[in-house]
Protein chains: 2
Amino acid sequence: GWPSLSAPPECDGQGLPLLLSAAATEIWGGANLAFAMAAETAVGVILVLQAHASEELQAQYLEPLASGEWTAAMSLTEPQAGSDLSTLRTLAEPDPAGPGNAWKLTGRKIFISWGDHDLSDNIVHLVLARTPDAPPGTRGLSLFLVPKRLSEGDGWRDNDIRAVSLEHKMGIKASPTCVMALGDEGGARGWLVGELHNGLGCMFTLMNHMRIGVGLHSTGLAERARQLALAYAAERIQGRDTAGRPVAIIEHTDVRRMLLTLNALAHAARGVAYTAAAALDLVHAPETSAEVRAKAERRLGLLTPVVKAWCSDTAVEASSVCVQVHGGMGYMSECEASQIYRDARIGPIYEGTNYIQSQDLLLRKIARDGGSALEELLADIEQAAAALPAGSLLHTTLPGGCARLRSATRTLLGRLKATDAAGQVALAGSLALPYLTWLGTLCGAWQWALSVNRVGAQSSAFAQGVRDHAEFYAAQVLPRVAGLAAVVEGGGEAVIARAQPAAFA
Amino acid sequence: GWPSLSAPPECDGQGLPLLLSAAATEIWGGANLAFAMAAETAVGVILVLQAHASEELQAQYLEPLASGEWTAAMSLTEPQAGSDLSTLRTLAEPDPAGPGNAWKLTGRKIFISWGDHDLSDNIVHLVLARTPDAPPGTRGLSLFLVPKRLSEGDGWRDNDIRAVSLEHKMGIKASPTCVMALGDEGGARGWLVGELHNGLGCMFTLMNHMRIGVGLHSTGLAERARQLALAYAAERIQGRDTAGRPVAIIEHTDVRRMLLTLNALAHAARGVAYTAAAALDLVHAPETSAEVRAKAERRLGLLTPVVKAWCSDTAVEASSVCVQVHGGMGYMSECEASQIYRDARIGPIYEGTNYIQSQDLLLRKIARDGGSALEELLADIEQAAAALPAGSLLHTTLPGGCARLRSATRTLLGRLKATDAAGQVALAGSLALPYLTWLGTLCGAWQWALSVNRVGAQSSAFAQGVRDHAEFYAAQVLPRVAGLAAVVEGGGEAVIARAQPAAFA
């Protein structure tokens, strides 16, 4: 029933804010990423069907997806079509043998998470396919709902979509990653979702949801890394204090540094991801004013690639720090740290690689509006920085961090304007990922500033912990932006364009 | 026969320079880290026996170790004694039933790589143990040679040392990591190596060798990551160029950026690790003058922790970049990229964690001689930088990089002098690891500068590749030092000492 949290009451959902389901998504991700993916896909598919499917399809599919009785799968990738969906070949033709609006699909899909399993009575595949008369490229793609089982009279029969192979992966092993064959026996029955040839547009409803989902799951992994490391460090006795007494390793400064890093990163990732989820609530809430909605849409668009990429990179880092705190034990399969290390590595790859996120950030979310959504964000960060206690390190360094990013962005925007499409893509390829990491690290500092401002002058241990962790972030995490800024400002695109990687083969 | 490369002719070794065996060690590490560890341990144990064992033991054990007929194992760790060996409990007592100089050992050792297997006729364990009359702590440890099989008359019998469990690990799965029981049937027979109570001193001969070995193996992993990514990027078709033609992903700028990163890191790691191996040759060569030997010893001491820690961190990064170049395929178990990602992660943990390396660097290798070995290294880097082509980015930035590290080091040395032992350990815990990473990144730039100077004005594609890769390192890798320097200079040790990581539990 967990997918029902944010699902609408019409399909027996609880209609709760997305921010609340975001917190649940984080917790599921930290508990078991492989399992969490199934529920998260169902939530995303509910969004797509609500926005784009016929009332008939909605009536049949929404309720069992919201209740968790049925699961869902995104069926996009084909062997020749990964990051570039324009070469998809799966074919959808009108089905003369079926009901009037039915289609039959034939093709092969790979890397389909939760593509087949016995955990639910039915599996709802959203399949990107090409119709016979479609234009080439991504503009010729349409979206189809293809269930694993079809209702027929009083019973059910298997549809012509089958898992023909299971992938063996380094992590998320409990998630069945399938090669799916559609139409080996004549055609998988499906129904069109949304307009013909607007499949990619419909799928982006799901993709944007899943990108926030990756950020939330990654936050959950970072949080779990934090919990595991803290528990182990408090119990593992090794080494002595200066008085010669054996101590738990949490007493060693370097271990404290690692634990504080984990705390600082997990909280920062959470804040950034929840901020995007809250913007999504504002976008969807009927009572939101047009002005507030427009701002929330800008913020959501800007933060979505940051949430997906920065939070997933952060989870990879956190999982590695967690392994290090465990020492040799962290390398053992029986230690959850080693599982998190393997699981977290999928985050920067799927739902659009982290480079694709950074390209989306720079060329679409920032360049297209001339940097105004970014300016709005920087103003919010500066406002939070200004309200910080005057003596704090974060108060000292955060405004300068904003100013340097603003200046570098203006320079970048000028250079993007002065070049052609190929030049823009080359510039993004050289700099967009460090640029995104820079912005993400700054947003993490923003979240710490907001937390410090929220606890104000309270003297509780928790409030002091918030202030100390914010200072730690300022002392040991935020300085990374100096290196990232130097890369972005220094360029390097000339040498990247010129250098032959194979000159060293 | 590979361990024989650098073994002395007296034991049927080839007596070749260590620099040559270093190159072979790198290649083995890249081919299969798990297997490579067996040969590398044998080479290290040969060094220990040559330096510390009786002629009788040398005569019996060196030749089969050098030929590879027998393998070796380092038996240090116990459940309660990992990074801190002072609490070792394995007991060694004179053996009244054995030959006059024999000992019998009882105890449990864990995490023993290649502790038992059927690949060789015998396994030579170097075991750290405590004698009955020994002082407490590490000063009471002695080193013993404990073979798996004992020669008896014309035949062999099993010694009382047995693998009682095998660990399941996330990587290096082909390396049997054993729990070893010594003396379950009365006592494992062993022989003292070196002086009584100087076990740790003798073991450091092996540890220092293995630390360089980890750096070389890690270089091999980075090199293999580079090879795999380059081959995949050249063959995987995805996306289009601006003219709309399908292209191999090596044509995409971000993929080029990743490939150049891999090339730049692998070459830098190799240069730093080989420099340490070359210093080891100078230390050992009889024809080395006293002055040259003293300088080589300083350089080797300074670089050993950098080679172990920076190269292993670099391999972890390279393996992750390699996975990313492969996209979803990189996450599949059948893809070697995923194996390298799992294998590389052991590097920062074993043979002394990377933090222990950084503490050794700062508190021993730099503070103890007041920074003079570091100053000597910086002078060499500056000399290489000065010889670079005047227009190059590396020529512009490398001298400033040296000056900033020199200045930060002087400040750090002053602060270390002004505090007590506890304060020194706290300062190291807060800053030593980013300090080591800073120095390693700078040494990587030094190696690129040397390579550029070596190819000079040559116009070959290879020479141009060297110049381009050096510029890439200057544009995209060296700038990281700005962030690391800001962490080291900014301190943060006050907040690390004050903050309670559990305040967020």
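What you see is a predicted model; the values in this text were computed from it and never measured.

1. Section: a negative patch on the surface
A cluster of like negative charges, contributed by Asp-12, Glu-63, Glu-69 and Asp-121 of chain A, occupies part of the molecular surface. Tracing the chain through its elements places Asp-121 of chain A in the loop between β3 (102-113) and β4 (123-130).

2. A few points about the pairing of strand β6 (residues 149-152) of chain B
Note that β6 of chain B and strand β7 (residues 155-158) of chain B share four bridges and pair antiparallel. When the bridges of β7 of chain B are listed, Ser-151 of chain B appears paired with Trp-156 of chain B.

3. Focus: the interface of chain A and chain B
Contacts between the two partners involve 93 residues from chain A, matched on the other side by 93 residues from chain B. Together, the buried faces of chain A and chain B total about 7,400 Å²; carbon and sulfur atoms form 62% of this surface. If you look at where chain A meets chain B, you find two salt bridges. Here chain A is connected to chain B by 43 residue pairs in polar contact (both at pLDDT 80 or more). Among the elements that take part in the side of chain A that touches chain B, helix α12 (residues 461-477) of chain A stands out by supplying 11 residues, more than any other. The class makeup of the residues in the side of chain A that touches chain B is 44 nonpolar, 32 polar and 17 charged.

4. Considering the pairing of strand β5 (residues 141-147) of chain A
Residue and element names in this part refer to chain A. Counting buried residues in β5 gives seven out of seven residues, a clear majority hidden from the surface. The alternating pattern of β5 places Leu-141, Leu-143, Leu-145 and Pro-147 on one face and Ser-142, Phe-144 and Val-146 on the opposite face, and all of these are buried. Here β4 runs beside β5; their pairing, made up of seven bridges, is antiparallel. Looking across to β5, one finds that Arg-130 is bridged to Leu-141. In this structure, β5 lies alongside strand β10 (residues 188-193), joined through three bridges in antiparallel fashion. Among the inter-strand pairings, Phe-144 is bridged to a residue of β10, identified as Leu-192.

5. Remarks on the packing of helix α4 (residues 199-235) of chain A against helix α5 (residues 253-284) of chain A
Residues and elements named next belong to chain A. Contact geometry for α4 and α5: axes closest at 9 Å, N-to-C directions at 155°. Relative to α5, α4 is oriented roughly antiparallel. Considering how the two elements wind past one another, α4 and α5 form a crossing that is left-handed. Across the interface between the two elements, Ile-212, Gly-215, Leu-216, Thr-219, Ala-222, Glu-223, Ala-225, Arg-226, Ala-229, Leu-230 and Ala-233 of α4 pack against Val-255, Leu-259, Leu-262, Asn-263, Ala-266, Ala-269, Arg-270, Ala-273, Tyr-274 and Ala-276 of α5.

6. So, unusual backbone geometry
For Asp-12 of chain A, which is not a glycine, the phi torsion comes out positive at approximately 70°. One can find Asp-12 of chain A in the segment before α1 (18-31). The backbone of Ile-172 of chain B shows a phi angle near 35°, a positive value even though the residue is not glycine. For Ile-172 of chain B, the location among the structural elements is in the loop between β8 (161-166) and β9 (177-182).

What counts and how
Residues numbered from 1 in each chain as written. Chains lettered and ligands numbered in written order. Predicted model: local features only at pLDDT ≥ 70, side-chain atom pairs only at ≥ 80, totals over all residues. Heavy atoms only, no water. Patch = residues over 30% accessible without salt bridge, like charges linked within 9 Å, V, L, I, M, F, W, Y side chains within 5 Å. Areas by Shrake-Rupley, 256 points an atom, 1.4 Å probe, with all protein chains shown as cover. Salt bridge = Lys/Arg side-chain N within 4 Å of Asp/Glu carboxyl O. Lys, Arg positive; Asp, Glu negative; His and termini not counted. Charge placed at Lys NZ, Arg CZ, Asp CG, Glu CD. Helix = DSSP H or I, 4+ residues; strand = E, 2+ residues; numbered from the N terminus. Pairing = 2+ DSSP bridges. Contact = heavy atoms within 4.5 Å. Buried area = accessible area lost by both parts, 1.4 Å probe. Polar contact = N/O pair within 3.5 Å; in protein donor to acceptor, adjacent residues only side chain to side chain. Nonpolar A, V, L, I, M, F, W, Y, C, P; charged D, E, K, R; others polar. Buried < 20%, exposed > 50% of the residue type's maximum accessible area, 1.4 Å probe, protein only. Axes fitted to C-alpha atoms, helices over the stretch in contact; angles between N-to-C directions. Parallel < 35°, antiparallel > 145°, perpendicular 65-115°, else oblique. Left-handed = near helix turned anticlockwise from the far one by under 90°.

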